[in-house]
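Spelled out from the first residue to the last, the chains are:
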Amino acid sequence: MKTVNIKPVSGTRDFLADEVENRDRIFSKIKKVFTSFGFLGIETPALERIEILSGKYGEDENLIFKILKRGAKAGKEEADMALRYDFTIPLARVVAEYRHKISLPFKRYQIGPVWRADRPGQGRFREFYQADIDIVGVESVLADAEIILALSEALSSLGLADFVIKL
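Notes on the structure follow. Computed from a predicted model, the values in this text were never measured in an experiment. (Residues numbered from 1 in each chain as written. Predicted model: local features only at pLDDT ≥ 70, side-chain atom pairs only at ≥ 80, totals over all residues. Heavy atoms only, no water.)

### So, the packing of helix α1 (residues 17-36) against helix α4 (residues 141-157)
Packed helices, taken two at a time, are described by the angle their axes make and the gap between the axes. At a minimum axis separation of 9 Å, α1 and α4 run at an interaxial angle of 145°. For the crossing formed where α1 meets α4, the hand is right-handed. Of the residues in α4, those touching α1 at Lys 29, Ile 30, Val 33 and Phe 34 are Ala 150, Glu 153, Ala 154 and Ser 157. Its residues assigned to classes, the contact of α1 with α4 shows five nonpolar, one polar and two charged. (Axes fitted to C-alpha atoms, helices over the stretch in contact; angles between N-to-C directions. Helix = DSSP H or I, 4+ residues; strand = E, 2+ residues; numbered from the N terminus. Left-handed = near helix turned anticlockwise from the far one by under 90°. Contact = heavy atoms within 4.5 Å. Nonpolar A, V, L, I, M, F, W, Y, C, P; charged D, E, K, R; others polar.)

### Re the pattern of salt bridges
Following the criterion strictly, the structure yields six salt bridges and no others. Glu 146 is the salt-bridge partner of Lys 107, the closest N and O atoms lying 2.5 Å from each other. In this pair, Lys 107 sits in strand β5 (residues 106-115) while Glu 146 sits in helix α4, placing the two residues 39 residues apart along the sequence. One salt bridge connects Arg 124 with Asp 118, and the closest N-O pair in it is separated by 4.0 Å. Salt bridges linked by common partners bring Arg 108, Asp 132 and Asp 134 together as one network. (Salt bridge = Lys/Arg side-chain N within 4 Å of Asp/Glu carboxyl O.)

### Describing the pairing of β5
Buried residues dominate β5, accounting for nine of its ten residues. Where strand β1 (residues 40-41) meets β5, two bridges bridge the pair, whose relative direction is parallel. Looking across to β5, one finds that Gly 41 is bridged to Tyr 109. Sheet analysis places β5 next to strand β6 (residues 127-136), joined by ten bridges and oriented antiparallel. Opposite Lys 107, over in β6, you have Ile 135 as the bridge partner. (Buried < 20%, exposed > 50% of the residue type's maximum accessible area, 1.4 Å probe, protein only. Pairing = 2+ DSSP bridges.)

### Section: the sheet that holds β5
In a beta sheet, neighbouring strands pair by backbone hydrogen bonds and run either parallel or antiparallel. In spatial order, the strands read β1-β5-β6; together these three strands make up an open sheet with mixed pairing. This sheet does not close on itself; its edge strands, each paired only once, are β1 and β6. Against the sheet, α4 touches β5 and β6, its axis set at about 140° to β6.

### Remarks on the sheet that holds strand β2 (residues 47-49)
Pairing is antiparallel across the open sheet formed by three strands, whose spatial order is β2-β4-β3. Two strands close off the open sheet at either side, each with one partner strand: β2 and β3 (66-68). Strand after strand, the sheet turns through a mean of 40° between neighbouring axes, direction not considered. Two elements, β3 and strand β4 (residues 79-83), share three bridges in a ladder whose sense is antiparallel. Residue Ile 67 lies in a different strand from β4, and its bridge partner there is Met 81.

In structure tokens form, the structure reads like this:
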């Protein structure tokens, strides 16, 4: 009888109930700070079209989890989708797709899982959560300062006191 490895895939992990509750509390505090600065939450699919992601990361393109074509399209060993690497490209896609529905400046946050196909080293994961804020449509450095202030307040809300933000 064949032995089946039941451990999570290397670079991923299971979260039990107490860890999920703790993560949810942390995310709730971060979201509260982000919304106090006027950032709106959005969600994007975990999957993006490969042509949107390809070539955007330069040397890091080999870090993208590609998904092979399925069904009638299968057989060519070609990918047509990939798991999101971070939230930057999905944000750009959302702004382009909904440019007539969003008002500028567009202040958004997104918190969720992202995936990277590299071999994870010590303390690194293939699947991890990212919290991201951006302001689109403003050229002033005040937008950058606002993001730094929101980040600082989010970290402080988590009880982290000895952090340094380097520019």
